[in-house]
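Geometric and topological summary
So the chains spell out like this:
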Amino acid sequence: MKNAWTEKWDQRYAEEEFAYGEQPNNFLQQQLSLLKPGKILFPAEGEGRNAVFAAGLGWAVSAFDISVEGQKKALKLAEKKQVAIDYQVGELQELNYTAGQFDVIALIYAHFPPNIKSLVHQSLNKYLNVGGLIIFEAFSKSHLDYLAKDEKMGGPRDIESLFSLEEIKTDFNNYEILELLETAIHLNEGPYHSGQGSVIRFVGRKKLVGAIV
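Summarised in this report is the structure supplied together with it. Given the structure is predicted, the values throughout are model-derived calculations rather than measurements.

**Quick word on the pairing of strand β1 (residues 39–42)**
- Of the strand pairs in this sheet, β1 and strand β2 (residues 60–65) are connected by four bridges, and their pairing is parallel. Pairing of I40 across the sheet is with V61, part of β2.
- Handedness of the crossover joining β1 and β2 through helix α3 (residues 49–56): right-handed.

**So, the nonpolar core**
- Within the largest apolar cluster, 32 residues are counted, with the highest numbers of intra-cluster contacts made by I40, F42, V61 and I85.
- It is α3 that provides the largest number of residues to this core, a total of four residues.
- By size, the runner-up hydrophobic cluster in this structure holds 23 residues, among which are I105, F112, Y127 and Y175.

**A look at the pattern of salt bridges**
- On inspection of all chains with the given rule, the structure shows nine salt bridges.
- With a closest N to O distance of 3.0 Å, E189 and R49 form a salt bridge. Here the residue E189 occupies a position in the loop between β6 (175–188) and β7 (194–206), and R49 occupies one in helix α3, the gap between them amounting to 140 residues. Here E189 and R49 have matching classes, each one buried.
- Linking K117 and E167 is a salt bridge whose minimum nitrogen-to-oxygen distance equals 3.1 Å. Separated by 50 residues along the polypeptide, K117 in helix α5 (residues 117–124) and E167 in helix α7 (residues 165–171) bring together distant segments of the chain.
- Several salt bridges share partner residues, and in doing so they unite K117, K141 and E167 into one network.

**Thoughts on the sheet that holds β1**
- Pairing within the open sheet is mixed, and its seven strands lie in the order β3-β2-β1-β4-β5-β7-β6. Where the open sheet ends on each side, the last strands, each with one partner, are β3 (86–89) and β6. Adjacent strand axes in the sheet meet at a mean angle of 15 degrees, parallel and antiparallel pairs treated alike.
- Of the pairings in the sheet, the one linking strand β4 (residues 102–108) to strand β5 (residues 128–139) comprises six bridges and is parallel in character. Counted as the bridge partner of I108 is E137 from β5.
- Contacts from α5 reach β1, β4 and β5 within the one sheet, and its direction differs from that of β4 by about 165 degrees.

**Some points on the pairing of β6**
- Strand direction decides the pairing type here: β6 and β7, joined by 13 bridges, are antiparallel. Within β7, the residue paired with A184 across the bridge is S198.
- Taking the residues that link successive antiparallel strands as the turn, the β6-β7 hairpin has five residues, and the phi of G190 there is positive, at about 75 degrees.

**Examining the packing of aromatic side chains**
- Evaluated as defined, the whole model comprises 10 aromatic pairs.
- Aromatic pair F172 and Y175: ring centres 5.6 Å apart, planes at 90 degrees, arrangement edge-to-face. One exposure class covers both F172 and Y175, and it is buried.
- Through successive ring pairs, a cluster of aromatic residues spans F64, Y97, F102 and Y127.
- In this arrangement the basic side chain of K117 is found over the ring face of F163, its NZ or CZ atom lying 4.5 Å from the centre.

**Overview of the side chain of R201**
- With respect to the element layout, R201 can be found in strand β7.
- Within the structure, the side chain of R201 is placed 2.5 Å from the side chain of E137, a separation counted as a polar contact.

**Observations concerning α5**
- Listed in full, the buried residues belonging to α5 are K117, V120, H121 and L124. Down the axis, α5 shows its buried residues gathered within 100 degrees of arc, on one side only.
- In this structure, the buried residues of α5 make contact with β1, β4, β5 and α7.

Rules used in this analysis
Each residue is numbered by its place in its chain's sequence as written, counting from 1. It should be noted that, the model being predicted, local features are given only for residues of pLDDT at least 70 and side-chain atom pairs only at 80 or more, the latter also being counted only at that level, while totals for whole chains, interfaces and linings use all residues. Water and hydrogen atoms play no part in the side-chain values, which are based on all heavy atoms of the structure. Note on pairing: DSSP must find at least two bridges between two strands before they are called paired. Each helix is a run of DSSP H or I of at least 4 residues and each strand a run of E of at least 2, with the numbering of both proceeding from the N terminus. Seen with its strands pointing away from the viewer, a crossover is right-handed if its path from the first strand over the helix to the second goes clockwise. Among buried residues, the Ala, Val, Leu, Ile, Met, Phe, Trp, Tyr and Cys ones that are joined through side-chain atoms within 4.5 Å form a nonpolar core. Exposure is judged per residue with a 1.4 Å probe applied to protein chains only, and the accessible area is read against the type maximum: over 50% gives exposed, under 20% gives buried, and values in between give partly exposed. The working definition used for a salt bridge is a side-chain nitrogen of Lys or Arg within 4 Å of a carboxyl oxygen of Asp or Glu. Orientation is described by axes fitted as lines to C-alpha atoms, over the contacting stretch for helices, and by angles from 0 to 180 degrees between their N-to-C directions. Residue contacts follow a heavy-atom distance rule, with two residues in contact if any of their heavy atoms lie within 4.5 Å. Centres within 6.5 Å make a pair out of two Phe, Tyr or Trp rings, where for Trp the six-membered ring is used; the pair is then stacked when the planes are under 30 degrees apart, edge-to-face when over 60, and tilted otherwise. Over a ring means this: the NZ of a Lys or the CZ of an Arg is within 6 Å of the ring centre and within 35 degrees of the ring normal. Pairing of N or O atoms within 3.5 Å defines a polar contact, subject to two protein rules: one partner must be a possible hydrogen donor and the other a possible acceptor, and residues neighboring in sequence count only if both atoms are side-chain atoms. Directions drawn from the helix axis to the C-beta atoms are what define this arc.

Spelled out as structure tokens, the structure:
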């Protein structure tokens, strides 16, 4: 049975236009350009723009989302770009990923509901191999100030769904921090990410041992 959260995203992704465009996120592009392709996971991947881009670079791409409509758009985009992606629909605990399966996990505007967002981050840890990378970009708590000036900017409108630097440090406490900052950027990613906003960017390398449980 669908809940309100699933219905929200199905409704958005059922629109003909791609909600966040067909082009990949700039920060993701920058980071993947530095890496040798391997196995990568995209949680909350929506319409597939980032997964399809990574597949075009030679990555073995897995992705998931709760939205069937998002999956449809992603597979359509993959076909258009002539690449293959493994895209599943469901919540993380329902899926068949294995421990240490991925070299990179890319969390690009993966704003999970506030009551589970940290749990999802911590759960993803086991699917990343030691030495693997988290690549993260999402709206910071300061983003509410930008939304107050331009409500069309997009992003969550409740502070609990947004991120702080301390949250990232806590959620990924067994990672070497390669990059972590809060910054204002201009987004031009489809009709729902257009304008000035505040984001957190994080790149972390998984350590051999750590405090995540």
